[in-house]
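So you can see what is in the structure, the chains are spelled out below.
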Amino acid sequence: MSTRPGSHAFEVVSTRDIHVGRILALRLDEVAMPGGTTANREVVEHLGAVAVVALDDDGSVALIHQYRHPVGDRLWELPAGLIDHADEDPLEAARRELVEEVGLAAADWSVLVDLAVSPGFTDEVVRVYLATGLSTVDRVVLGDEEADLVIDRVPLAEAVRRVLAGEITNAAAVAGLLAAHAVTTGAVGARPADAPWEGRPRAFERRG
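Residues numbered from 1 in each chain as written. Predicted model: local features only at pLDDT ≥ 70, side-chain atom pairs only at ≥ 80, totals over all residues. Heavy atoms only, no water.

Draft legend 1. Examining the pattern of salt bridges more closely. Enumeration according to the criterion identifies 18 salt bridges in this entry. For Asp84, the salt bridge identified is with Arg96, shortest N-O distance 3.6 Å. In this pair, Asp84 sits in the loop between β7 (80-82) and α1 (90-102) while Arg96 sits in helix α1, placing the two residues twelve residues apart along the sequence. According to the relative accessible area criterion, Arg96 is buried, its value standing at 19%. (Salt bridge = Lys/Arg side-chain N within 4 Å of Asp/Glu carboxyl O. Helix = DSSP H or I, 4+ residues; strand = E, 2+ residues; numbered from the N terminus. Buried < 20%, exposed > 50% of the residue type's maximum accessible area, 1.4 Å probe, protein only.)

Below, the structure is given as structure tokens:
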């Protein structure tokens with residue numbers, strides 16, 4: 001039975017786990033398609049993540065150059081990290097990552113964007129914050145990858161140029177830097193730091 005475009009209910013007919021790990025799970029859903037057929041969809045469940053545009057009084061932002069094994073290359077990124085557990089406040093996670101990765105604390109926080117990083121196969125969403133009123137604190141290096149980080153400060157306008165030149169390709173960095181530019185130029189306003197996060201992923205959390 002056909003339905004109007006945009007009105008079909010994509011119900012899950014069956015589901016099974018492929019892998020359940022510490023920070024993510026992979027499941028295979030059989031989903032009802034328009035026209036009466038079904039299709040398999042692989043879904044990666046994730047607790048979500050946070051990233052931070054740390055903007056100093058001189059207009060510079062903190063960037064890190066970090067090795068990312070799945071792409072086999074070092075990428076320029078924002079300070080960022082996983083939400084550690086289902087009950088963790090995302091703002092506190094962002095504060096933690098800012099200290100651990102670049103040795104900074106911030107007096108003022110707001111929300112720039114919420115980013116569904118690749119909704120074709122994962123429910124992961126990244127909340128990107130704007131942090132200002134920066135101060136230097138002792139950086140806590142927790143692992144080998146963190147020890148290899150290169151930290152740089154660049155003018156926000158230069159970071160935006162790198163985005164548009166294809167030199168910064170990390171999704172959260174691209175979205176966060178462009179959003180920060182829009183906010184700092186007065187085109188739009190940022191949201192409060194405690195703004196509701198309706199799209200925060202919950203499937204992995206519900207596994208307990």
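Alright, that's what it looks like, and here's the rest.
Draft legend 2. The packing of helix α3 (residues 156-164) against helix α4 (residues 171-184), seen in detail. Contact geometry for α3 and α4: axes closest at 10 Å, N-to-C directions at 135°. In terms of their interaxial angle, α3 and α4 are classed as oblique. Helix-helix and strand crossings are classified by hand; for α3 and α4 the assignment is left-handed. Note on element contacts: α4 touches α3 through Val174, Leu177, Leu178, Ala180, His181 and Thr184, opposite Leu156, Ala159, Val160 and Val163. (Axes fitted to C-alpha atoms, helices over the stretch in contact; angles between N-to-C directions. Parallel < 35°, antiparallel > 145°, perpendicular 65-115°, else oblique. Left-handed = near helix turned anticlockwise from the far one by under 90°. Contact = heavy atoms within 4.5 Å.)

Draft legend 3. Fine view of the side chain of His46. Here His46 is to be found in strand β3 (residues 38-46). Setting aside its immediate chain neighbours within four residues, His46 contacts Ile23, Leu82, Thr122, Asp123, Glu124, Pro201 and Phe204.

Draft legend 4. Fine view of the nonpolar core. The biggest cluster of nonpolar side chains holds 25 residues, and the ones touching the most others in it are Val53, Val61, Leu63, Leu78, Val128 and Leu177. Of all the secondary-structure elements, those providing two or more residues to this core are β4 (49-54), β5 (60-68), β8 (104-116), β9 (125-136), α3 and α4. Once residues within four sequence positions are removed from consideration, Leu177 is found in contact with Val53, Val61, Leu63, Leu78, Leu156, Ala159, Val160, Val163 and Ile168. Formed by 23 residues, the second largest nonpolar core is a distinct cluster that contains Ile83, Leu98, Val111 and Ala131. (Core = buried A, V, L, I, M, F, W, Y, C linked by side-chain atoms within 4.5 Å.)

Draft legend 5. Summary view of the domain arrangement of the protein chain. For the protein chain, the domain assignment lists domain 1 (11-45) and domain 2 (48-185). At the junction of the two partners, domain 1 supplies five residues and domain 2 supplies four residues. Between domain 1 and domain 2 the total buried area reaches about 360 Å² when both faces are included, carbon and sulfur atoms providing 53% of it. Here domain 1 and domain 2 share zero salt bridges between them. Connecting domain 1 to domain 2 are three residue pairs in polar contact (both at pLDDT 80 or more). The residue inventory of the side of domain 1 that touches domain 2, partitioned by class, reads three nonpolar, no polar and two charged. (Domains from an automatic or database assignment. Buried area = accessible area lost by both parts, 1.4 Å probe. Polar contact = N/O pair within 3.5 Å; in protein donor to acceptor, adjacent residues only side chain to side chain. Nonpolar A, V, L, I, M, F, W, Y, C, P; charged D, E, K, R; others polar.)

Draft legend 6. Layout of the packing of aromatic side chains. Per the stated rule, a full pass over the model turns up one aromatic pair. Ring geometry for Trp109 and Tyr129: centres 6.0 Å apart, planes at 80°, overall edge-to-face. Of the two residues, Trp109 sits in strand β8 while Tyr129 sits in strand β9, which places them 20 residues apart along the sequence. Side by side, Trp109 and Tyr129 carry an identical accessibility label, which is buried. When the ring centre of Trp76 is taken as origin, the NZ or CZ atom of Arg162, which lies over that ring, is 5.9 Å away. (Phe/Tyr/Trp six-rings, centres within 6.5 Å; stacked < 30°, edge-to-face > 60°. Lys NZ or Arg CZ within 6 Å of the ring centre and 35° of its normal.)

Draft legend 7. Local environment of the sheet that holds β7. Strand order in this open sheet of five strands is β7-β4-β9-β8-β11, and the pairing throughout is mixed. Single-partner strands in this sheet number two, and they are β7 and β11 (191-192). Across eleven bridges, the pairing between β8 and β9 is antiparallel. Paired with Ala105 across the two strands is Ser135, which belongs to β9. The sheet strands contacting α1 are β4, β7, β8 and β9, and the helix crosses β8 at an angle near 115°. Against the sheet, α4 makes contact with β4, β8 and β9, and its axis sits at roughly 110° relative to β8, the strand it touches most. (Pairing = 2+ DSSP bridges.)

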